[in-house]
Amino acid sequence: MSFLSDYPLSDYPQVGVVSSFSGLLHTEFSGPMNALCWQRSLAGDFKEIVSQLQLEEDITEISAEDLLALSLSEQGNTAREIILNDLQLLTGCGALPSLNLLKCYEKDEELDFFSTDVYSYHVDRSPIGTDTFLCTYHGAASDIIANDQVTQKILIPEIREKLRRLHDGPEAEFEDFLKECFFDLHYQAQPDAQPVNLGNGHLWRLAVDHPQQKVLPCVHRAPAENEGEYRLLLIC
């Protein structure tokens, strides 16, 4: 697994790095580049915030009011101000950010040969022009992978044949079935693939599959959580 800072940027043609929120927002995706990173080294104690928040379910949305109600040290307050500022920046450009305290996502175990949960490499799809923004402040971070290092699962012959038997309907409706069940969104990493871990503190913008998109959507996955550790994740 590689971190963005481990190698020269030229090693990651799918990643662009910017130095400001404005750059993150206004830089256009092009060619193989379908992920943008506002690379940051954040001050503050985000672990302190996580330790004071209450997990009500496996995923609990945290409001600005919840953050403001915490009694924090100077370092904890620094971290809180960063999160509040990120929420304000994203809200100000029309996004709907959600701050989540996360133990784990629900796993899809219905089929033994095909998982459609977020732990599987996948792309996001939207009927309108949009992008995915995310930042992991604490805990395990997501991975992205270049499009030429993955294979769409529905194109793998043995998987496709099993899906065809699962469909058990007219051949003319098979492709629609794959889309309706979101099978077409999922990918398998090739043996020599080099995923990039998104790390902590960096704010990312990932390309989404939508009608106006000019590049391939960014393939990504949620991480396996560290045992006994919650994640604090901003996403929209």
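Above this text you will find the structure in question.
Residues numbered from 1 in each chain as written. Predicted model: local features only at pLDDT ≥ 70, side-chain atom pairs only at ≥ 80, totals over all residues. Heavy atoms only, no water.

Observations regarding the pairing of strand S2 (residues 15-18)
Turning to step 1, where the next piece is worked out: Sheet topology places S2 next to strand S3 (residues 35-38); four bridges connect them, and they run parallel. Looking at S3, one finds that valine 18 is bridged to tryptophan 38.
Turning to step 2, where the next piece is worked out: Handedness of the β-α-β unit built from S2, helix H1 (residues 21-26) and S3 comes out right-handed. (Pairing = 2+ DSSP bridges. Helix = DSSP H or I, 4+ residues; strand = E, 2+ residues; numbered from the N terminus. Right-handed = clockwise from strand over helix to strand, strands pointing away.)

Overview of a negative patch on the surface
Turning to step 1, where the next piece is worked out: On the surface, Glu56, Glu57, Asp58, Glu65, Asp66 and Glu106 cluster together into a patch of negative charge.
Turning to step 2, where the next piece is worked out: For aspartate 58, a relative accessible area of 40% corresponds to the partly exposed category. (Patch = residues over 30% accessible without salt bridge, like charges linked within 9 Å, V, L, I, M, F, W, Y side chains within 5 Å. Areas by Shrake-Rupley, 256 points an atom, 1.4 Å probe, with all protein chains shown as cover. Salt bridge = Lys/Arg side-chain N within 4 Å of Asp/Glu carboxyl O. Lys, Arg positive; Asp, Glu negative; His and termini not counted. Charge placed at Lys NZ, Arg CZ, Asp CG, Glu CD. Buried < 20%, exposed > 50% of the residue type's maximum accessible area, 1.4 Å probe, protein only.)

Here's the deal with the packing of aromatic side chains
Turning to step 1, where the next piece is worked out: In the structure shown here, the tally under the stated rule is six aromatic pairs.
Turning to step 2, where the next piece is worked out: Each ring, one from phenylalanine 114 and one from phenylalanine 183, has its centre 4.8 Å from the other, and the planes form 70°; the classification is edge-to-face. Highlighted residues: phenylalanine 114 in the loop between strand S5 (98-102) and strand S6 (131-138) and phenylalanine 183 in the loop between helix H6 (174-180) and strand S9 (187-189), separated in sequence by 69 residues.
Turning to step 3, where the next piece is worked out: Using a relative accessible area of 6% as the deciding quantity, one classes phenylalanine 183 as buried. (Phe/Tyr/Trp six-rings, centres within 6.5 Å; stacked < 30°, edge-to-face > 60°.)

With respect to the state of the cysteines
Turning to step 1, where the next piece is worked out: In total, this model carries zero disulfides according to the counting rule given.
Turning to step 2, where the next piece is worked out: The structure places no disulfide on cysteine 93, whose sulfur is separated from the nearest cysteine sulfur, that of cysteine 236, by 7.1 Å.
Turning to step 3, where the next piece is worked out: Residue class for cysteine 93 comes out partly exposed when judged on its relative accessible area of 34%.
Turning to step 4, where the next piece is worked out: The thiol of cysteine 218 is unpaired, and the distance to the nearest cysteine sulfur, on cysteine 37, comes to 12 Å. (Disulfide = S-S within 2.5 Å.)

Overview of the sheet that holds S6
Turning to step 1, where the next piece is worked out: Strand order in this open sheet of seven strands is S2-S3-S11-S6-S13-S5-S4, and the pairing throughout is mixed. The open sheet is flanked by S2 and strand S4 (59-62), the only strands paired with a single partner. Each neighbouring strand pair of the sheet contributes to a mean axis angle of 25°, computed without reference to strand direction. (Axes fitted to C-alpha atoms, helices over the stretch in contact; angles between N-to-C directions.)

Observations regarding helix H5 (residues 157-167)
Turning to step 1, where the next piece is worked out: Looking at H5, one finds that the buried residues are Ile159, Arg160, Leu163 and His167. One face of H5 carries all of its buried residues, which in axial projection span an arc of 100°. Seen from the open side of H5, the exposed residues pointing more than 90 degrees away from its buried face are Pro157, Glu158 and Arg165.
Turning to step 2, where the next piece is worked out: On the buried face of H5, the contacting elements are H6 and S9. (Arc of directions from axis to C-beta. Contact = heavy atoms within 4.5 Å.)

A word on the side chain of threonine 136
Turning to step 1, where the next piece is worked out: Structurally, the position occupied by threonine 136 is in strand S6.
Turning to step 2, where the next piece is worked out: The class for threonine 136 is buried, based on a relative accessible area of 3%.
Turning to step 3, where the next piece is worked out: Beyond its immediate sequence surroundings of up to four residues, threonine 136 is in contact with Ala141, Gly199, Asn200, Gly201, His202, Arg231, Leu232 and Leu233.

Topic: the pattern of salt bridges
Turning to step 1, where the next piece is worked out: Under the counting rule described, the total for this entry stands at eight salt bridges.
Turning to step 2, where the next piece is worked out: As a salt-bridge pair, arginine 125 and aspartate 209 come within 3.2 Å of each other at their nearest N and O atoms. Of this pair, arginine 125 sits in the loop between S5 and S6 while aspartate 209 is found in the loop between strand S11 (203-207) and strand S12 (219-221), placing the two residues 84 residues apart along the sequence.
Turning to step 3, where the next piece is worked out: Under the relative-accessibility criterion, arginine 125 is labelled partly exposed at 40%.

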